[in-house]
Structures are given as structure tokens and as C-alpha cells.
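Chain by chain, the residues:
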Amino acid sequence: MTGLLVVRPGALTTVQDRGRPGHAHLGVPHSGALDTAAYAVANRLLGNPPDAAALETTLDGVGLRALAPVTVAVTGAPCPVRVDGRPVAWGAAVRLPAGAELDVGRAESGLRGYVAVRGGLDIPPVLGSRSTDLLSGLGPAVLSAGTLLPVGPAGPEPAPPGDVCPLPGAPRELLLPLRPGPRADWFTPASLAGLWRSVFRVSPVSNRIGLRTESGTPLVRAREGELPSEGMVLGAVQVPPDGLPVVFLADHPVTGGYPVVGVVPRGPALNAAAQARPGVAVRFAAAR
């Protein structure tokens, strides 16, 4: 059988692909890989389809044993990669013989790594996706020791290494472009003006649902009361009663009642947010 056996699950390792778009009306979040660029590079290195399922690791990597010969690639947060204790390349296709153990080590910068295998992880899809959704509970369970991960049939030969550039780690400061609204009018003009000058920090209670902030100047509301629940999108910056912004990531709820001061557009900024460790400085800038 072609597959990978989980030897060391790491702090939080999940199966992810491009997610479940189009189901928000059913209360189902989008989910999917947080750092979409790093995930895409891992699949391109192996010649996989762009939606092939891979592993997303958090901070301290994962350990896997190959049950048959397979080819893997590790991208995202730079880290040491070893096969049976010997160093091998990060950001490149690596062949694993049957019985070999792959150890993806602790991130040297950034937070989340991606481990793809040629052929993709052959997990049964739920609503068209193999992604683990931590909020709804859809998809495969968070990895634990002894989990068996089936691997699909290999596709075409991987792309030459020179065709794909590995991605750097997260910046020391996270600059998030923000499109104001739809509820910017719920905050005082002085508070909104101060948002562009304030420096927040990534909170240690951040997760796949949202990047929480701390140690910044709280936003001050211009009106009392709460909103009825309304639709939420990826990148929405919701402001709870403490006034400290929360940036919604892939597993965010599809509705919410706190006002949204603005939205961070999909793209490089949200990929960088996926790699921001607790304590990293966060600034907001008006999106062009």
C-alpha cells in the first residue's frame, strides 16, 4: 500500500487543500491552506494537480514513515528536513524509500509548513474538499500518532527545481492592507485615524480561525449596542468589545455580530498573516 504513517504528529498538523468555497449559505466555512502560495509551490514541485491535498504543520513540524517509495516536498516556514536522520533539501522534491522516516523539524522563521506528496493525500472528500476544518469539524481529524495517510496515484514528472522558487519566512512586521467597511461608521473618526498609526501584536491565542491582536490602541465605538449576525468573509477584520482587531482566516465563521471595520484582500498579505508568530508587530494600511 502507498501511504504515510504518522510517527510524530507535531503541535497541530492537518490535511488541507484549496478548501470548500460556495457553501457559506449552509454554514460551512471555506477552510483550506492558510498560506496558499506555499501550498501551491509544494504541489508544483511534485507535478501534482493544484488542488491535491497536503499537510499543514504548525511550528514544530511532523514525522512520517513511508510505507512504499514516495516523493515529498516541504515548503512554507523554513525548517530542517531529515530522512532517517540525514539532512535533505527543503523546498525541493525528495525521494523516500519504503520504510524511510521523514522528519520535518521546527520552523526557523514563520509558523506553518506544508508537506506535499506526489499523488496527493487520498483522503475521502467532504463537500468537495479534503480539508480539515477546525471550526465546523468537517474533514479528517487533526493528525495523531499512528494515523495512516493514503497516497493517490502519481501524476506527471515533477517540475524541474529551477522552475519554482522556495518562499521566504514571515517578515518581522506584518503590514495588512485594509479596505474600510462595511461597519467602519461604528467607530469614532479619531479612532479610525489612529488605526493607521497603531502598532498591534499577534496574540498567542491566534489560530486557523483568526489572527487575534493585542498590545495596540483599542478602537473606540461611536455607537452602543450590537449588530444582528451578518455574513463574514475571509480577511474580515472584526472588532470585539475590547477594541482589538481580529483578522478572520480560513476557518472563520460565516456569520458574526461584532462590527467589521474593514477587509484584508485575499493574496500575499493573508499568506504572510498565516506565518506570523505571536508577538510579531501588526500594522494596517489603507488598501489601494
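Above: the structure in question.
Below: a short report on this structure. None of the values given here were measured: they were computed from a predicted structure.

1. Looking at the overall build of the chain
Here is step 1: What the chain contains, in helices and strands, is three helices and 20 strands.
Here is step 2: For a compact globule of 288 residues, the expected C-alpha radius of gyration is about 19 Å, and the chain comes in at 20 Å, within 12% of that figure.
Here is step 3: Here the chain, with 288 residues, has 49% of them falling under the buried criterion.
Here is step 4: Long-range pairs, those at least 24 residues apart, make up 77% of the contacts in the chain between residues at least 6 apart in sequence.
Here is step 5: A total accessible area of about 12,300 Å² is found for the chain, and carbon and sulfur atoms account for 58% of it.
Here is step 6: Averaging the positions of the 25 positive and the 21 negative side-chain charges in the chain gives two centres separated by 4 Å.

2. Observations regarding the environment of proline 50
Here is step 1: Residue position: proline 50 is located in the loop between helix H1 (36–46) and strand S3 (54–58).
Here is step 2: A residue is classified by how much of its surface remains accessible, and proline 50, at 52% relative accessible area, is exposed.
Here is step 3: Along the sequence, proline 50 and serine 229 sit 179 residues apart, while their C-alpha atoms lie 34 Å from each other.
Here is step 4: In this structure, proline 50 is in contact with Arg18, Tyr39 and Asn43, ignoring residues within four places of it in sequence.

3. Description of the layout of surface pockets
Here is step 1: Of the voids in this model, the largest pocket is the one considered here, and its volume is about 340 Å³.
Here is step 2: Around the largest pocket sit 21 residues that line it, and Ala33, Leu34, Thr36, Arg266 and Asn271 are the ones nearest its centre.
Here is step 3: Counting residues per element, the ones that place at least two in the lining of the largest pocket are H1 and helix H3 (268–274).
Here is step 4: Here the lining of the largest pocket gets five residues from one element, more than from any other, and that element is H1.
Here is step 5: Grouping the amino acids of the lining of the largest pocket by side-chain chemistry returns nine nonpolar, eight polar and four charged.

4. Description of the sheet that holds strand S14 (residues 210–214)
Here is step 1: Read around the barrel, seven strands follow the order S12-S19-S16-S17-S14-S13-S20 and close on themselves; strand pairing throughout is mixed. With strand direction ignored, the average angle separating the axes of adjacent strands in the sheet is 40°.
Here is step 2: Examined bridge by bridge, S14 and strand S17 (residues 246–248) share three bridges and lie antiparallel to one another. Pairing of arginine 212 across the sheet is with valine 246, part of S17.

Procedures and definitions
- Residues numbered from 1 in each chain as written.
- Predicted model: local features only at pLDDT ≥ 70, side-chain atom pairs only at ≥ 80, totals over all residues.
- Heavy atoms only, no water.
- Helix = DSSP H or I, 4+ residues; strand = E, 2+ residues; numbered from the N terminus.
- Rg over C-alpha atoms; globule rule 2.2 N^0.38 Å.
- Buried < 20%, exposed > 50% of the residue type's maximum accessible area, 1.4 Å probe, protein only.
- Contact = heavy atoms within 4.5 Å.
- Areas by Shrake-Rupley, 256 points an atom, 1.4 Å probe, with all protein chains shown as cover.
- Lys, Arg positive; Asp, Glu negative; His and termini not counted.
- Charge placed at Lys NZ, Arg CZ, Asp CG, Glu CD.
- 1 Å grid on protein atoms, 1.4 Å probe; cavity = no way out; pocket = protein on both sides within 12 Å on 5 of 7 lines; lining within 4 Å.
- Points joined across faces, edges and corners; volume = space filled by probe spheres on them.
- Nonpolar A, V, L, I, M, F, W, Y, C, P; charged D, E, K, R; others polar.
- Pairing = 2+ DSSP bridges.
- Axes fitted to C-alpha atoms, helices over the stretch in contact; angles between N-to-C directions.

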